[in-house]
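Listed here are the chains, written in short residue letters.
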Amino acid sequence: MQTFILQKGFGYKLFMLLAFSIFSSVMYQGYIIKGGIYTFLFFASTALIAFQIASIFYVIFVKRSVEITIDEKYISWRFIDNKKSYKLQSVKRDQIKDVRTEINYLTGNIYSTFSITFVLKNEDSQEEENEVVLTDGLFYDFGLKKAEELCRFLLDNDLGHYQDIKFAKLTRALDIDISKEQKFTKKDNNYYFVGVISKNKKEFLSLRLQIESLYKDYKKVGKNAANEYFLESDTIKDSHIYLRSNAIGLMVEFHNVKRKEELKTLKEMGKRQKIGF
């Protein structure tokens with residue numbers, strides 16, 4: 001079991017209160033002079049101001065935490081407000097089809113929510129997927145550091161994206177200290193893995209650019225997202241390169257790739273300020 005104390009987020013709440021107050025004052029002028037749409041916008045912004053004030057006072061007096069327990073059969077969690085449990089949920093592990101973690105930014109980088117979605121199996125394939133969501137909500141915030149800790153806790157218990165679970169198992173098998181920045185490799189039959197533990201946010205882009213530059217025969221893009229990049233070969237059957245980042249680090253998976261080029265971390269490159277090859 002692990003307990004996570006949620007952040008109260010006074011900084012962004014005060015920022016949003018100031019922003020809504022400025023917007024409301026502008027809409028008030030339009031409400032007095034012209035009315036119409038300005039009337040609606042003025043009352044809407046007033047309601048948002050009231051919501052922010054209420055949320056500030058609520059979190060001042062209420063400390064919220066979440067206890068997450070994982071055993072062989074279940075993952076369960078409960079929210080606790082001032083030592084009083086008010087919400088308990090559990091999911092059978094054998095019913096979990098997929099686990100998705102996501103940070104949604106609602107207002108630029110100021111206001112965000114973290115959520116874990118457990119996609120459950122359906123006996124009838126024609127039915128819509130059943131989902132159970134664990135999220136910090138609007139009043140509180142896990143914060144990036146605790147969100148990463150929670151993701152690592154899930155991966156330690158083999159819950160998450162299949163590629164991330166593979167990486168977590170690899171670090172345990174090789175006894176990798178994930179608190180230290182490093183690069184390691186592992187060969188397993190037709191697979192070759194390059195793992196990178198790094199706190200540099202540009203590491204993913206660096207590895208992706210190296211792969212694009214060094215493996216020009218791999219041009220079929222299967223996945224191209226902020227944290228994963230999947231390439232297949234036009235000429236070699238059943239061969240791919242898969243780069244993905246997660247809460248632990250980054251892993252490049254080579255499958256049936258004959259030519260292995262060295263991938264360098266930003267630390268190995270030295271004090272280069274620009275990424276380019």
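Residues numbered from 1 in each chain as written. Predicted model: local features only at pLDDT ≥ 70, side-chain atom pairs only at ≥ 80, totals over all residues. Heavy atoms only, no water.

Caption draft 1: Focus on the nonpolar core. Membership of the largest hydrophobic core comes to 28 residues, with the highest contact counts inside it found for Val-66, Ile-68, Ile-75, Trp-77 and Leu-150. If you list the elements that add at least two residues to this core, you get β2 (64-70), β3 (74-81), β5 (96-107), β6 (111-120), β7 (130-135) and α3 (143-156). Ranked by the residues each element gives to this core, the list is headed by α3, at five residues. For Trp-77, the residues in contact, after removing those within four places along its chain, are Val-66, Glu-67, Ile-68, Lys-87, Leu-88, Gln-89, Val-91, Phe-118, Val-132, Val-133 and Leu-134. Core analysis: the second largest hydrophobic core is formed by 16 residues, Val-194, Phe-204, Leu-207 and Val-257 among them. (Core = buried A, V, L, I, M, F, W, Y, C linked by side-chain atoms within 4.5 Å. Buried < 20%, exposed > 50% of the residue type's maximum accessible area, 1.4 Å probe, protein only. Helix = DSSP H or I, 4+ residues; strand = E, 2+ residues; numbered from the N terminus. Contact = heavy atoms within 4.5 Å.)

Caption draft 2: View of the side chain of Asp-81. If you trace the backbone, Asp-81 turns up in strand β3. Note on Asp-81: relative accessible area 12%, which makes it buried. At 2.9 Å, the side chain of Asp-81 and the side chain of Arg-64 are in polar contact. With near-sequence residues (within four places) excluded, Asp-81 lies in contact with Tyr-58, Val-62, Lys-63, Arg-64 and Tyr-86. (Polar contact = N/O pair within 3.5 Å; in protein donor to acceptor, adjacent residues only side chain to side chain.)

Caption draft 3: Representation of the environment of Lys-83. Relative to the helices and strands, Lys-83 is located in the loop between β3 and β4 (84-92). Its relative accessible area of 85% is what places Lys-83 among the exposed residues. As a C-alpha pair, Lys-83 and Val-62 span 21 residues in sequence and 9.6 Å in three-dimensional space.

Caption draft 4: View of the side chain of Ser-45. Of note, Ser-45 is situated in helix α2 (residues 37-61). Excluding residues within four positions of it along the chain, Ser-45 makes contact with Phe-20, Phe-23 and Ser-24.

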